[in-house]
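Structural overview
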Amino acid sequence: MIELKQLTKRYGKAGTLTTALSDLDLSIEKGEIFGVIGHSGAGKSTLIRCINLLECPTSGEVWVNGKNLTSLGKKQLQTERRKIGMIFQHFNLLSSATVYDNIAFPLRLNKTSKDEIERKVKELLDLVGLEAHRDKYPSQLSGGQKQRVGIARALASDPEVLLCDEATSALDPQTTDSILRLLLDINKRFHLTIVLITHEMHVIQSICDKVAVIHQGGIVEQGPVTEVFLKP
Ligand code: ADP
Ligand code: ADP
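Residues numbered from 1 in each chain as written. Chains lettered and ligands numbered in written order. Predicted model: local features only at pLDDT ≥ 70, side-chain atom pairs only at ≥ 80, totals over all residues. Heavy atoms only, no water.

Examining the sheet that holds strand β7 (residues 161-165)
- Strand order in the open sheet formed by six strands is β6-β7-β8-β3-β9-β10, and the pairing between neighbours is mixed. The open sheet has two edge strands, β6 (84-88) and β10 (218-224), and neither has a second partner. Pairwise comparison of adjacent strand axes, ignoring direction, gives a mean angle of 15° for this sheet.
- Taken together, the four bridges between strand β3 (residues 33-37) and strand β9 (residues 210-215) define a ladder with parallel strand orientation. Considered in β9, the bridge of I37 is made with V213.
- Sitting on the sheet, helix α5 (residues 143-155) touches β6 and β7, and the angle it makes with β6 is about 170°. (Pairing = 2+ DSSP bridges. Helix = DSSP H or I, 4+ residues; strand = E, 2+ residues; numbered from the N terminus. Axes fitted to C-alpha atoms, helices over the stretch in contact; angles between N-to-C directions. Contact = heavy atoms within 4.5 Å.)

Dropping the structure here:
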């Protein structure tokens, strides 16, 4: 489903180069919940942002769903990117838009019809349990509710992959667990491939099937969570 081949990412110019990822290979199968764990600065954020080319790799290939994203033109890349949803640590909601409009945003970009948007947003509000909050603004929501909006928005274009960039790091432990349960539910229901990055072992142990440990821009260990880390 996702294959990273010899992925290298350097930031900066000659003289001040930082190598964030170095010849990294990674393979993620369809329907898996795949976690990447590592300390701050290890390269997690760069890695996940390279999967949808939010960050452009210096060299190497990014394959998603049988397509080499690094070889595509702008238009084709845009089409492939719609199949990759993403959620963020700080939610990245539009503060001047309601819950409804935040979720409808990617559908409007795709020029979806008004009736279809209405149907789809209702379905998503129901999925994430926010029907009663559809007309509220992000500032009126709790952190967990904001992330539910983020999840609904990410799912609006029926992606095949969901990327989670430290998606629970700004939440308290109880809210974290409810968001993780929702992600697990979505994974089972839609057979959606989920890639998440985190610095918290708890997140890996609660929902991931497989894990990779990243250190100084390289994968130092990977496999089923139960093999890499003994469950408590
Ligand atoms: P993590 O998500 O594991 O904390 P990052 O991918 O953010 O790691 O960072 C990996 C390395 O790349 C770090 O050394 C970081 O300082 C560097 N880095 C990340 N983003 C940039 C950037 N935009 N410009 C320069 N260096 C960066
Ligand atoms: P940021 O760095 O905060 O993501 P951007 O300029 O990329 O800033 O986006 C501005 C706002 O629009 C953010 O809240 C972001 O979440 C939202 N946004 C951008 N692109 C999309 C998209 N394709 N689908 C949904 N929301 C988007």
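Here we look at the site of ligand 1
- Around ligand 1, the neighbouring residues are Y11, T18, A20, H39, S40, G41, A42, G43, K44, S45 and T46.
- With respect to ligand 1, the backbone of H39 contributes an N or O atom lying 3.5 Å from an oxygen atom.
- In this structure, K44 approaches ligand 1 through a side-chain N or O atom, which is 2.9 Å from an oxygen atom.
- Contact with the protein chains removes 58% of the 560 Å² of surface that ligand 1 exposes when unbound.
- Taken together, the elements giving at least two residues each to the shell around ligand 1 come down to β2 (18-28) and α1 (44-51). (Near = heavy atom within 4 Å. Polar contact = N/O pair within 3.5 Å; in protein donor to acceptor, adjacent residues only side chain to side chain. Areas by Shrake-Rupley, 256 points an atom, 1.4 Å probe, with all protein chains shown as cover.)

Some details on the sheet that holds strand β1 (residues 2-11)
- Taken together, the four strands give an open sheet; going across it, the order is β2-β1-β4-β5, and neighbouring strands pair in antiparallel fashion. Here the strands that pair on one side only, and so sit at the sheet edges, are β2 and β5 (67-68).
- Alignment of β1 against strand β4 (residues 59-64), held across five bridges, turns out to be antiparallel. Residue pairing for β4: E3 is matched across the bridge by W63.

Digging into unusual backbone geometry
- Here the phi dihedral of D23 falls at roughly 50°; this positive angle occurs in a residue that is not glycine.
- The phi torsion at N92 lies on the positive side, around 50°, for a residue other than glycine.
- Mapped onto the fold, N92 is located in the loop between β6 and α3 (99-109).
- On the basis of relative accessibility, which here comes to 42%, the residue N92 falls in the partly exposed class. (Buried < 20%, exposed > 50% of the residue type's maximum accessible area, 1.4 Å probe, protein only.)

Examining the site of ligand 2
- Around ligand 2 sit N92, L93, L94, F105, L109 and R153, and those are all the residues in its vicinity.
- The backbone of N92 places a nitrogen or oxygen atom 2.3 Å from an oxygen atom of ligand 2.
- One nitrogen or oxygen atom from the side chain of R153 is found 3.1 Å from an oxygen atom belonging to ligand 2.
- For ligand 2, whose accessible area on its own is 540 Å², the fraction buried by protein is 42%.
- Across the shell around ligand 2, the residue classes break down as four nonpolar, one polar and one charged. (Nonpolar A, V, L, I, M, F, W, Y, C, P; charged D, E, K, R; others polar.)

Quick word on the environment of D25
- Here D25 shows up in strand β2.
- Among the residues examined, D25 registers a relative accessible area of 39% and is labelled partly exposed.
- Separated by 152 residues in the primary sequence, D25 and D177 place their C-alpha atoms 30 Å from one another.
- Leave out the neighbours within four places in its chain, and D25 touches L4, K5, Q6, I219 and Q222.
- Within the local environment of D25, its side chain forms a polar contact with the backbone nitrogen of Q6, the two atoms lying 2.8 Å apart.

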